Amino acid sequence: MSRIPADLVVHRVWVPEHDSDPRLPVVYVSERRRRALGAILIGLGAVLALSVVVARAAFWVAFACLLVAWAGVAYAAGGRTGFYEVDPGGVLGKYLGRSRPDVGSMRPSKP
């Protein structure tokens, strides 16, 4: 049984290369629902923008459609999405933020 909440998806895990490294593993997770809705908004915005360009409508209308896609990106990357430490029991630990932490001396692995 996984200790990661069901609404979160693990995309990548970094583990220390050496057993002597005291750092905890780092995991990148995102929310399943947010990614799906964000992808829908991105697709909708792109299709609307292309249809406006094909119909030769005003440029600002196409730009407004791309803002919808941009909102989809922002929504998909929000919520609990980000990097976390993984406690020894397999539970998400300290939140490290949305930007990638220093994992230079760690090796990546797929979950």
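The structure displayed is predicted, hence computed values, not measured ones.

Novice: Any chance you could explain the nonpolar core here in plain terms?
Specialist: Taken as a class, soluble globular proteins show a tendency for nonpolar side chains to be buried jointly. In this structure, Ile4, Leu8, Val13, Val15, Val27, Val29, Tyr84, Val86 and Leu92 together form the largest nonpolar core, which totals nine residues. Of all the elements in the fold, those that place two or more residues in this core are strand E1 (8–16), strand E2 (26–31) and strand E3 (82–86). Sequence-distant contacts of Val86, defined by excluding residues within four places in its chain, comprise Leu24, Pro25, Val27, Val91 and Gly93. In terms of nonpolar packing, the next biggest core, distinct from the first, is built from five residues, Trp14, Val26, Phe83 and Val103 among them.

Novice: I would appreciate a short explanation of the pairing of E2 in the present structure.
Specialist: Here is the key point about a regular strand: its side chains alternate between the two faces of the sheet. Counted residue by residue, E2 has five buried out of six residues, so it is predominantly covered. In the sheet, E2 pairs with E3 via four bridges, with the strands oriented antiparallel. Directly across from Tyr28, in E3, lies its bridge partner Phe83.

Rules used throughout
Residues numbered from 1 in each chain as written. Predicted model: local features only at pLDDT ≥ 70, side-chain atom pairs only at ≥ 80, totals over all residues. Heavy atoms only, no water. Core = buried A, V, L, I, M, F, W, Y, C linked by side-chain atoms within 4.5 Å. Buried < 20%, exposed > 50% of the residue type's maximum accessible area, 1.4 Å probe, protein only. Helix = DSSP H or I, 4+ residues; strand = E, 2+ residues; numbered from the N terminus. Contact = heavy atoms within 4.5 Å. Pairing = 2+ DSSP bridges.

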